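Geometric and topological summary
Residue strings, one per chain:
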Amino acid sequence: MNKFHHIGIFVKDLDYGRSEMSKFIQVSQESEIIIDENLGVKILFLRDQENINYELVAPYGKNNPVDGVISREKDLLNHIAYVSDSFDEEIKVLRRNGFVPLGKPKKAKAFKDARVIFFLNPLGFIIEIIEDLEK
């Protein structure tokens, strides 16, 4: 079963992203900044009054997934993420249903080294599946 987790937004800088988000949502909770060298990103989670999580993702290092998106100024509202309690099976199901993996599963520091994988779905947007380590 998949459970909604967050909306991922690519930003050039976390401080800038936080400032801009605060202009239209009331931030009720903010995480520490997470640097994930494995994924090449810096991450900051913001939670609003409605309990919706926003993941601000900024570049970290030269080989990161953010710089190209920022330079194209497209897909900045980058992905919708779900936690899956059957991660490996979910990957098989998504592939059978026409979802295209955008890489292999990788451990993510933001989720205590749970594996994550990104897919382009048939509607043309990206979803992230996060392995549920607490199942």
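If you're wondering where the values come from, they're calculated on a predicted model, not measured in any experiment. (Residues numbered from 1 in each chain as written. Predicted model: local features only at pLDDT ≥ 70, side-chain atom pairs only at ≥ 80, totals over all residues. Heavy atoms only, no water.)

**Describing a nonpolar patch on the surface**
Together, I33, I35 and Y60 make up an exposed nonpolar region whose accessible area comes to about 230 Å². Of note, I33 is situated in the loop between strand 2 (27-30) and strand 3 (34-36). (Patch = residues over 30% accessible without salt bridge, like charges linked within 9 Å, V, L, I, M, F, W, Y side chains within 5 Å. Areas by Shrake-Rupley, 256 points an atom, 1.4 Å probe, with all protein chains shown as cover. Salt bridge = Lys/Arg side-chain N within 4 Å of Asp/Glu carboxyl O. Helix = DSSP H or I, 4+ residues; strand = E, 2+ residues; numbered from the N terminus.)

**Concerning the packing of aromatic side chains**
Counting across every chain of the model gives two aromatic pairs. Seen in terms of ring centroids, F4 and Y82 are 6.1 Å apart; in terms of plane orientation they differ by 80°. Their pairing is edge-to-face. Within this pair, whereas F4 is found in strand 1 (residues 2-10), its partner Y82 is found in strand 6 (residues 77-84), the two being separated by 78 residues in sequence. We classify F4 as partly exposed; its relative accessible area is 40%. Considering the side-chain rings of F45 and F111, the 5.9 Å spacing of their centres and the 65° angle between planes classify their relative orientation as edge-to-face. Pair noted here: F45 is in strand 4 (residues 41-48) and F111 is in the loop between strand 8 (106-108) and strand 9 (114-120), with a separation of 66 residues, a long-range link. (Phe/Tyr/Trp six-rings, centres within 6.5 Å; stacked < 30°, edge-to-face > 60°. Buried < 20%, exposed > 50% of the residue type's maximum accessible area, 1.4 Å probe, protein only.)

**A few points about the pattern of salt bridges**
Counted under the stated rule, the structure contains six salt bridges. Among the salt bridges present, the one from R18 reaches E30, with a minimum N-O distance of 3.0 Å. Residue R18 is located in helix 1 (residues 14-21), and its partner E30 is located in strand 2; the two are separated by twelve residues in the primary sequence. Owing to a relative accessible area of 40%, E30 belongs among the partly exposed residues under this scheme. A salt bridge links R115 to D88, with the nearest nitrogen and oxygen atoms 3.1 Å apart. One end of the pair, R115, is in strand 9; the other, D88, is in helix 3 (residues 87-96), and 27 residues separate them in sequence. Residue classification places R115 among the partly exposed positions, given a relative accessible area of 24%. For D88, a relative accessible area of 43% translates into the label partly exposed. Taken together, the shared-partner salt bridges connect D15, R18 and E30 into one network.

**Some thoughts on the nonpolar core**
The nonpolar side chains of a soluble globular protein tend to be buried, and buried together. Residues V41, I43, F45, A110, F111 and I130 are the most contacted members of the largest nonpolar core, which totals 17 residues. In contact with A110, other than residues within four places in its own chain, are I34, D36, I43 and F45. Counting residues in each nonpolar core, the second largest holds ten residues, with M21, L46, Y54 and A58 among its members. (Core = buried A, V, L, I, M, F, W, Y, C linked by side-chain atoms within 4.5 Å. Contact = heavy atoms within 4.5 Å.)

**Thoughts on the side chain of H79**
Looking at the secondary structure, you find H79 in strand 6. Side chain to side chain, H79 and N78 meet in a polar contact 3.0 Å long. Contacts of H79, omitting those with residues within four sequence positions, involve H6, I7, G8, E55, F118, I126 and E128. (Polar contact = N/O pair within 3.5 Å; in protein donor to acceptor, adjacent residues only side chain to side chain.)

**Comments concerning the pairing of strand 10 (residues 126-131)**
Taken residue by residue, a regular strand's side chains alternate between the two faces of the sheet. With six of six residues buried, strand 10 is to be regarded as a mostly interior element. Both faces of strand 10 are covered, namely the face carrying I126, E128 and I130 and the face carrying I127, I129 and E131. Pairing between strand 6 and strand 10: six bridges, direction parallel. Paired with I80 across the bridge in strand 10 is I127. When strand 9 meets strand 10, the two strands line up antiparallel, connected through five bridges. Directly across from V116, in strand 10, lies its bridge partner I130. Once strand 9 ends, the chain turns through five residues before running back antiparallel as strand 10, passing G124 with a positive phi of about 95°. (Pairing = 2+ DSSP bridges.)

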